Amino acid sequence: MKDIIRVAIIQPKPYPSFEDPRNIGHALQLMEKCRGEELDVICFPEYFPCLGEREIGSAARKFDSYVIAGIIEEEGGNRYSSAALFNRTGRVVGRQRKFSVGALDRDSLGITPGDGVYRVFETEFGKIGMPVAIDYWGQSEAGRQLAYQGVDIVFNPGIFPVLRGHWKTGALVRAFDNFVPVVGINSADYNSVFGEKRVHQHGGGSFILQPPKMLDKYDFNRWAKGLDNIENWVQVELDQLEQVYISEVDLATAARFRIEFFKRFGFKP
């Protein structure tokens, strides 16, 4: 496991229709901004680029990075909103289907709920989870399942035209409950089209949440005794515009002190 990983949040402005094939080219264009950055993970939001697994796989191989992409997955006559994980060779090594399917997913896109089982996926830098949208921050089950499996970092791709502020608040609660870094990825502000209906999608606010860096038990005890709020867990919060944001995420603190954290507060891992 690595102590520090390098992550690129891609907060795109999609074309008006989720399934517009031009989103594939736009995704690849945005990935070009990652060239030379030696990244561990490049992450897109839910439903972006929606199509184009072959193209995203090729790009993952070119950039020698894991990639998380929002893909509509079709199987057995059903459609699923999935987070697909590509490894550094471009192969899909994990999929997480969305369980909490709302009106937008169901009525406009014909999405079927997943099975509600949340899985961790092994990488050379640690175990990652990829619960989609409200599956992570809306209720505690996804976080509980992932923590039980020893997750090292959670990526939470979504699309949030509403509840953007509560998304961060809810994810912050889950990050604290499970003492784990969380990377949330949203689309930028844009205008979408569903049939003949045009809808303004308020976007942005992608974030990185993580515990403050602690090196030893003295650091941990001092932090725990002075704990009043966890506002300083918000390391990054983007505005509403399209952008590619590159940052480091500390995995070591959470891994080193998670058990001590659970003991201190009486939580069950």
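Cut-offs applied
- Residues numbered from 1 in each chain as written.
- Predicted model: local features only at pLDDT ≥ 70, side-chain atom pairs only at ≥ 80, totals over all residues.
- Heavy atoms only, no water.
- Helix = DSSP H or I, 4+ residues; strand = E, 2+ residues; numbered from the N terminus.
- Buried < 20%, exposed > 50% of the residue type's maximum accessible area, 1.4 Å probe, protein only.
- Phe/Tyr/Trp six-rings, centres within 6.5 Å; stacked < 30°, edge-to-face > 60°.

Asks: Help me understand unusual backbone geometry, please; the structure alone is not making it clear to me.
Replies: Among all residues save glycine, negative phi is the norm, and among peptide bonds the norm is trans. Each neighbour pair has its own omega, and for Phe48 with Pro49 the value is 5°, a cis peptide bond. Its place among the elements puts Pro49 in strand β3 (residues 49–50). Residue Tyr47 is not a glycine yet carries a positive backbone phi of 65°. Checked against the element boundaries, Tyr47 lands in the loop between β2 (41–43) and β3. Residue Cys50 is not a glycine yet carries a positive backbone phi of 80°. Checked against the element boundaries, Cys50 lands in strand β3. Take Cys50: its relative accessible area is 0%, and that puts it in the buried class.

Asks: Would you take a moment to explain the packing of aromatic side chains for this structure?
Replies: Each aromatic ring pair is specified by the distance between its two centres and by the angle formed by the two planes. Counted under the stated rule, the structure contains 19 aromatic pairs. Measuring from ring centre to ring centre gives 5.6 Å for Tyr66 and Phe125, while their planes differ by 85°; the resulting arrangement is edge-to-face. In this pair, Tyr66 sits in strand β4 (residues 66–75) while Phe125 sits in the loop between β7 (120–123) and β8 (126–129), placing the two residues 59 residues apart along the sequence. Relative accessible area serves as the criterion here: at 8%, Tyr66 is assigned to the buried category. On the accessibility criterion, Phe125 (0% relative accessible area) is buried. An angle of 35° between the planes, with centres 6.4 Å apart, marks the rings of Trp223 and Phe261 as tilted. With Trp223 in helix α7 (residues 217–225) and Phe261 in helix α8 (residues 252–265), this pair connects stretches of sequence that are 38 residues apart. According to the relative accessible area criterion, Trp223 is buried, its value standing at 12%.

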